[in-house]
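Okay, here's what each chain looks like letter by letter:
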Amino acid sequence: MAEVLDNHNLPDATKDPSKFVYFHSGSKASYRPITSTQTAFTSIPTIDLTNIDSPSLEVRQAIAKEMYTACHDVGFFYVANHGIPQSVIDDAFKLLKRFFALERDIKMDAHVQKNPAIRGYEPMGETKLDPRTRGDVKEAFTMGDCPLEPEQDYVGKTGQPPPTHLKRPQNIWPSEAPWWREGLYQYYNHVVPLAMKLVKLFALGLGLPEDDLDQYFKFPITGMRPLYYPPTPVDNVNSDVTNVGLGAHSDFDWLTLVLQDSVPALEVLNQSGQWVPAPPTPGTLVCNVGQFLERQTNGLFPATVHRVRNLTGLERYSLPFFLTMDVDAEIDVLECCQREGEEKLYEKVKVADLYIRRILPARAKHPTAIKYKDVPEDQWTYDMLLQ
Ligand SMILES: O=C(O)CCC(=O)C(=O)O
Ligand SMILES: [Fe+2]
């Protein structure tokens, strides 16, 4: 999930778009000078997962090492041979096209404004990641973890009955298109196990026992956000502020896995403030480090800034999946990521507290954010989303 650029108190000197890049990462807007750094990445590496289930630990470690390097140097990587059948992927894109082509009223039945958990349908232009833009040129739909939806098998995954304080499901679904929920769960139940395999790979890459990070992901916060980017009028291709599908941001999750169709539009910011294309590569998903993983690794793996600009004249669909940790987990910098003499950049924090501090400011016009606007930030709780 991404955040809103809401802070205009930036030095005037940085407002020249040929010299500085703006983005939103963490709780404040930020900027980076456009320079040239020898070590800046210029492409996104691909990790081949063919042997991810190999019985040989050494083989798995070799894949983990490549992933470590990609996360350290870039914060983004493609995964190839990930095991999600092509038919499931094809069906997912057919589903997205069918849904976004529906009449507005059918989609508005599940409007995000009707849902306290800030999930559901977002019509065109409703959100704006960067206030200097005209508004994000996209439609979206958000669904996520919910112990009360049988498709997610809470009891099977946790061995517990669903928490009693949950009175109703956190997702909202359009009543006239039951196939939407069914179709999304087809993909969700393939991408969740893939993400959990990557969690093990991360542990190995960090030199930890393979299942060491599983403790944070018993029934994690997850989100899936189908996106539709219509072709934008290409009135000023070089402008950073017009025709932005999704403004520059880093993700406030642990790891993101994005299924892109064949239309290129995703761009990733390198250390020199240059936008590096992350075009779709057949048969791959593009993955990126989120802010929770950046914290846990003490910045060793950066939550790299990215944006979407669809300048192709074609319609684009994408399907990001966001993995965060368990709501009740506490995260601290991992011991293995804090080298001797190195400062700890992040305090220990509860996942629930960090998550609510990211999502509410990102959705300032949502009824849930408005309802709690007079409550000081240090009193915000995750349960505010569960009313
Ligand atoms: O549409 C894409 O390719 C990426 C979407 C994204 O960055 C996000 O939803 O956070
Ligand atoms: Fe993102």
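Not measured: the values here are computed from a predicted model.

**Points about the coordination of the iron ion (ligand 2)**
Line of reasoning, step 1. Every protein donor of the iron ion (ligand 2) is listed here as His 249 (NE2), Asp 251 (OD) and His 306 (NE2), and their distances to the metal cover 2.1 to 2.2 Å.
Line of reasoning, step 2. Of note, the donors binding the iron ion (ligand 2) are all from one chain and are spaced H-x1-D-x54-H. With His 249 in strand β9 (residues 246-249) and His 306 in strand β14 (residues 306-308), the pair connects residues that are 57 residues apart, well separated along the chain.
Line of reasoning, step 3. By relative accessible area, His 249 is classed as buried at 2%.
Line of reasoning, step 4. A relative accessible area of 6% means that His 306 is categorised as buried.

**Details of the nonpolar core**
Line of reasoning, step 1. Counting residues in hydrophobic clusters, the biggest one holds 93 residues, and the most contacted among them are Trp 180, Phe 202, Trp 254 and Leu 257.
Line of reasoning, step 2. With 17 residues, helix α5 (residues 178-205) is the largest single contributor of residues to this core.
Line of reasoning, step 3. Counting residues in hydrophobic clusters, the runner-up holds 17 residues, among them Val 74, Leu 266, Val 268 and Ala 278.

**Here's the deal with the side chain of Thr 256**
Line of reasoning, step 1. Residue position: Thr 256 is located in strand β10 (residues 255-260).
Line of reasoning, step 2. Accessibility expressed as a relative area gives 1% for Thr 256, which makes it buried.
Line of reasoning, step 3. Polar side-chain contacts of Thr 256 include one of 2.6 Å to the side chain of Asp 253.
Line of reasoning, step 4. Apart from residues lying up to four places away in sequence, Thr 256 is in contact with Asp 251, Val 286, Cys 287, Asn 288, Pro 320, Phe 321 and Phe 322.

**What about the pairing of strand β6 (residues 139-144)?**
Line of reasoning, step 1. Counted residue by residue, β6 has six buried out of six residues, so it is predominantly covered.
Line of reasoning, step 2. Because side chains alternate across β6, one face comprises the buried residues Glu 139, Phe 141 and Met 143, and the other comprises Ala 140, Thr 142 and Gly 144, equally buried.
Line of reasoning, step 3. Taken together, the three bridges between strand β5 (residues 120-122) and β6 define a ladder with antiparallel strand orientation. Across the sheet, residue Gly 120 finds its bridge partner in β6, namely Thr 142.

**Description of the state of the cysteines**
Line of reasoning, step 1. One pass over the structure, following the stated rule, counts zero disulfides.
Line of reasoning, step 2. Between Cys 336, a free cysteine, and Cys 337, which holds the nearest cysteine sulfur, the sulfur-to-sulfur gap is 3.9 Å.
Line of reasoning, step 3. When its relative accessible area of 37% is taken as the criterion, Cys 336 is described as partly exposed.

**Some details on the site of ligand 1**
Line of reasoning, step 1. Contacts to ligand 1 come from 13 residues, most closely from Tyr 229, His 249, His 306, Arg 316 and Ser 318.
Line of reasoning, step 2. With respect to ligand 1, the side chain of His 306 contributes an N or O atom lying 3.0 Å from an oxygen atom.
Line of reasoning, step 3. Note that an oxygen atom of ligand 1 is positioned 2.9 Å from one of the side-chain N or O atoms of Arg 316.
Line of reasoning, step 4. Secondary structure elements with two or more residues in the shell around ligand 1: β8 (227-229), β9, β14 and β15 (316-323).
Line of reasoning, step 5. For the shell around ligand 1, the element with the most residues is β15, which contributes four residues.
Line of reasoning, step 6. Per-class residue counts for the shell around ligand 1 are eight nonpolar, three polar and two charged.

**Remarks on the confidence of the model for the protein**
Line of reasoning, step 1. In the predicted model, the protein carries a mean pLDDT of 90, and the fraction of residues at 70 or more is 89%.
Line of reasoning, step 2. Confidence drops under a pLDDT of 50 for residues 1-7, and excluding neighbours within four residues, the segment shows 41 contacts in the predicted structure.
Line of reasoning, step 3. Under the prediction, the complex receives an ipTM of 0.99, its pTM being 0.92.

**A closer look at the side chain of Gln 170**
Line of reasoning, step 1. Assignment of secondary structure puts Gln 170 in the loop between α4 (154-158) and α5.
Line of reasoning, step 2. Leaving out residues up to four positions away in the same chain, Gln 170 has contacts with Asn 115, Ala 117, Arg 119, Asp 145, Cys 146, Pro 147, Tyr 382 and Leu 386.

**With respect to helix α7 (residues 351-362)**
Within an α-helix, residues lying three or four positions from one another point in the same direction, as the helix has 3.6 residues per turn.
Line of reasoning, step 1. Spanning 12 residues, α7 covers 17 Å between terminal C-alpha atoms, matching the ideal 16 Å at 1.5 Å per step.
Line of reasoning, step 2. The buried fraction of α7 is high, at 10 of 12 residues.
Line of reasoning, step 3. Within the sequence span of α7, burial applies to Val 351, Ala 352, Leu 354, Tyr 355, Ile 356, Arg 357, Arg 358, Ile 359, Leu 360 and Ala 362.

**A few points about unusual backbone geometry**
Line of reasoning, step 1. Backbone geometry places Asn 81, a non-glycine residue, at a positive phi of 55 degrees.
Line of reasoning, step 2. Assignment of secondary structure puts Asn 81 in the loop between β4 (76-80) and α2 (86-100).
Line of reasoning, step 3. Despite not being glycine, Asp 153 shows a phi value in the positive range, around 45 degrees.
Line of reasoning, step 4. Following the sequence through the fold, Asp 153 ends up in the loop between β6 and α4.

Criteria and cut-off values
Residues numbered from 1 in each chain as written. Chains lettered and ligands numbered in written order. Predicted model: local features only at pLDDT ≥ 70, side-chain atom pairs only at ≥ 80, totals over all residues. Heavy atoms only, no water. Donors = N, O, S within 2.8 Å, 3.2 Å for Na, K, Ca; no water. Helix = DSSP H or I, 4+ residues; strand = E, 2+ residues; numbered from the N terminus. Buried < 20%, exposed > 50% of the residue type's maximum accessible area, 1.4 Å probe, protein only. Core = buried A, V, L, I, M, F, W, Y, C linked by side-chain atoms within 4.5 Å. Polar contact = N/O pair within 3.5 Å; in protein donor to acceptor, adjacent residues only side chain to side chain. Contact = heavy atoms within 4.5 Å. Pairing = 2+ DSSP bridges. Disulfide = S-S within 2.5 Å. Near = heavy atom within 4 Å. Nonpolar A, V, L, I, M, F, W, Y, C, P; charged D, E, K, R; others polar. pLDDT = per-residue confidence, 0-100. Expected span 1.5 Å × (residues − 1).

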